[in-house]
Amino acid sequence: MRLSILMLSALLALAACAAPPPSQPQLGSDGKPLPRVYRIRSGETSEIRFRMLDSVNALREAAGQPSVSLDPALTAAAATHSRDMSVQKRPWHFGSDGSSPIDRIRRVGYSGNLVGETISETYETELETLAAWMDEEGTRRVILSPEARKMGFAWLQEPGGKIWWTMILGN
């Protein structure tokens, strides 16, 4: 009897440790799943950057455009702007000091020309952000520009999860 009680207790304890059934996503008023916060862990910078580069180049190849390569100066300018947008609490192309994308790439020593800059304020992944950029004519034109040869890509994630993404393309 004692053995049966011990076995039943052990079984109940194990059952309590089992993973809960998957929950259904919460839906918004439009019937679509509500966004979930995408958390970027430390150490994922290179992985995210190269995933974006590979995705951009796949889109460019499909459009018949040459590939781009990551540029450290453009990435530094993108990182500066992501931080600055977070400080300003608004996604726009001008820095808090009035700087333009051209000013920012010159400050970091980039000697090529600016092709364009894409920005976003979101809780979504880099690939969801890229998909949203491709849905907009202006940002799609920048990403697929035949003049682009270099890319900078960076972000800043706030403690609450909001991500400020910046991509800069140059030649």
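Every value quoted in this text rests on a predicted model; they were computed, and no experiment measured them.

A. The packing of aromatic side chains, seen in detail. Throughout the structure, instances matching the rule amount to four aromatic pairs. An angle of 50° between the planes, with centres 5.6 Å apart, marks the rings of Phe153 and Trp155 as tilted. For Phe153, a relative accessible area of 0% corresponds to the buried category. Consider the rings of Trp155 and Trp165, whose centres lie 5.4 Å apart with planes at 55°: the pair is tilted. Residue Trp155 is found in strand β3 (residues 150–157), and its partner Trp165 is found in strand β4 (residues 163–170); the two are separated by 10 residues along the sequence. In this arrangement the basic side chain of Arg90 is found over the ring face of Trp92, its NZ or CZ atom lying 3.8 Å from the centre.

B. Quick look at the pattern of salt bridges. Summed over all chains, the structure comprises seven salt bridges. Put simply, Arg107 and Asp97 hold a salt bridge, and the shortest N to O gap is 2.8 Å. Remark: Asp97 occurs in the loop between α3 (72–88) and α4 (101–107) and Arg107 occurs in helix α4; sequence separation between them is 10 residues. For Asp97, a relative accessible area of 51% gives the class exposed. In this structure, Glu117 and Arg104 form a salt bridge, with 2.9 Å as the shortest nitrogen-oxygen distance. Residue Glu117 is found in strand β2 (residues 114–122), and its partner Arg104 is found in helix α4; the two are separated by 13 residues along the sequence. The pair formed by Glu117 and Arg104 is uniform in burial state, with each residue classed as buried.

C. Seen up close, the sheet that holds β2. The strand order across the open sheet built from four strands is β1-β3-β4-β2, with neighbouring strands paired in mixed fashion. Strands with a single pairing partner mark the edges of an open sheet, and in this sheet they are β1 (69–70) and β2. Both β1 and β3 contribute to a ladder of two bridges, which runs parallel. What sits directly across from Ser69, in β3, is Lys150. Across the sheet, helix α2 (residues 45–62) lies against β1, β3 and β4, angled at about 135° from β3, the strand it touches most. Each of β2, β3 and β4 touches helix α5 (residues 126–135); the most contacted strand, β2, lies at about 120° to it.

D. Focus on the nonpolar core. Counting residues in each nonpolar core, the largest one holds 20 residues, and the members touching the most others are Met151, Phe153 and Met167. Elements represented by at least two residues in this core include exactly α2, α5, α6 (137–143), β3 and β4. Leu74, Ile105, Tyr110 and Ile168 belong to the second-largest nonpolar core, a separate cluster that totals nine residues.

E. Examining the environment of Gly152 more closely. In this structure, Gly152 sits in strand β3. Look at Gly152 and you get buried, because its relative accessible area is 0%. Separated by 82 residues in the primary sequence, Gly152 and Leu70 have C-alpha atoms spaced 5.8 Å apart. Beyond its immediate stretch of four places on either side in the chain, Gly152 contacts Asp71, Leu74, Thr75, Ala78, Thr166, Met167 and Ile168.

F. Structural detail: unusual backbone geometry. Even without being a glycine, Lys89 presents a positive backbone phi close to 60°. Examined against the element boundaries, Lys89 turns out to sit in the loop between α3 and α4. You can call Lys89 exposed: its relative accessible area is 54%.

Here is what the cut-offs are and how they apply
Residues numbered from 1 in each chain as written. Predicted model: local features only at pLDDT ≥ 70, side-chain atom pairs only at ≥ 80, totals over all residues. Heavy atoms only, no water. Phe/Tyr/Trp six-rings, centres within 6.5 Å; stacked < 30°, edge-to-face > 60°. Buried < 20%, exposed > 50% of the residue type's maximum accessible area, 1.4 Å probe, protein only. Helix = DSSP H or I, 4+ residues; strand = E, 2+ residues; numbered from the N terminus. Lys NZ or Arg CZ within 6 Å of the ring centre and 35° of its normal. Salt bridge = Lys/Arg side-chain N within 4 Å of Asp/Glu carboxyl O. Pairing = 2+ DSSP bridges. Contact = heavy atoms within 4.5 Å. Axes fitted to C-alpha atoms, helices over the stretch in contact; angles between N-to-C directions. Core = buried A, V, L, I, M, F, W, Y, C linked by side-chain atoms within 4.5 Å.

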